[in-house]
Amino acid sequence: MTAPPTDHQLLTVYLNNHLAGAEAGTRRAHRTARSLSDPDGARLLRQLAADIACDKASLLRVMRELGVPERRPYAWLGRLGELAGLLKPNGTLLRRSPLTDLVELEALRLGVLGKRQLWAALADRAAADPRLDRPRLDELADRADRQAELLDGLRRSAAGVLAARP
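Reference entry: report on the structure contained in this document. (Residues numbered from 1 in each chain as written. Predicted model: local features only at pLDDT ≥ 70, side-chain atom pairs only at ≥ 80, totals over all residues. Heavy atoms only, no water.)

## Here we look at the overall build of the protein
Along its length, the protein carries five helices and zero strands. Its helices and strands taken in sequence order, the protein reads α-α-α-α-α from the N to the C terminus. The buried share among the 166 residues of the protein stands at 39%. Across the protein, contacts joining residues at least 24 apart in sequence account for 80% of those joining residues at least 6 apart. When the accessible surface of the protein is split by element, carbon and sulfur atoms take 59% of a total near 9600 Å². (Helix = DSSP H or I, 4+ residues; strand = E, 2+ residues; numbered from the N terminus. Buried < 20%, exposed > 50% of the residue type's maximum accessible area, 1.4 Å probe, protein only. Contact = heavy atoms within 4.5 Å. Areas by Shrake-Rupley, 256 points an atom, 1.4 Å probe, with all protein chains shown as cover.)

Here is the structure:
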C-alpha cells in the first residue's frame, strides 16, 4: 500500500500542470498571431504571448520560492497537447478555416481563465504561507482578467466575421 500524496507532492503536480499550460499558451498565442487576418488583433496577440511568457516566469519564481521542482515531462506533455490542438476538426483538411481563429481564441481564453484560478488559489494559500507574495499574486490575477477580456473581444470579432459570411 502506498502512502497518500503529501501536500507538497500535490502542489508540485498542480504547479507543473500550469507550467505546461503556460508553455502551450505562449506557443498557441504566437501561432494564432501569425495567422490572424486582423493586423491589430495579431499585434495584440503577440503582446499577449509576451505577457503569458512573463506569467510563466512568475510561476517559475513562485515554484522556486515554494521549493517545487520543475518537471520537464510536464512541459513536453504540454507541448504535445498544444500540437495535438492543431488536429482539431475545423471544416477543412489541409488549410486554415475561418473557424480556426475562433476556436483558437476560445482555447486561449480558457487557458487564461485557468491561469487566473491558479493565481487565486495561490493567493488564498498566501495567508498560511509567508513565502507567497499576496499582492503580487493579486496583480497577476488582475492581469489574467485583462487578458481574458482582450481575448473575449478578439473572439467576438472572429465570431462576427463568421456570422457575416454567406
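## Digging into the environment of Leu-19
Secondary-structure assignment places Leu-19 in helix H1 (residues 7-35). For the pair Leu-19 and Leu-60, spaced 41 residues apart in sequence, the C-alpha to C-alpha distance is 7.7 Å. When near neighbours in sequence (up to four residues on either side) are disregarded, Leu-19 contacts Lys-56, Leu-59, Leu-60, Met-63 and Glu-70.

## Considerations on the environment of Arg-71
By the element assignment, Arg-71 lies in the loop between helix H2 (39-66) and helix H3 (72-84). Among residues more than four places away in sequence, those in contact with Arg-71 are Thr-12 and Asn-16.

## As for the pattern of salt bridges
Scanning the model with the defined rule gives 14 salt bridges in all. The salt bridge involving Asp-55 is made with Lys-115; its shortest N-O contact spans 2.5 Å. One end of the pair, Asp-55, is in helix H2; the other, Lys-115, is in helix H4 (residues 98-126), and 60 residues separate them in sequence. When sorted by exposure, Asp-55 lands in the same class as Lys-115, which is buried. (Salt bridge = Lys/Arg side-chain N within 4 Å of Asp/Glu carboxyl O.)

Purely geometric numbers; function is a separate question.
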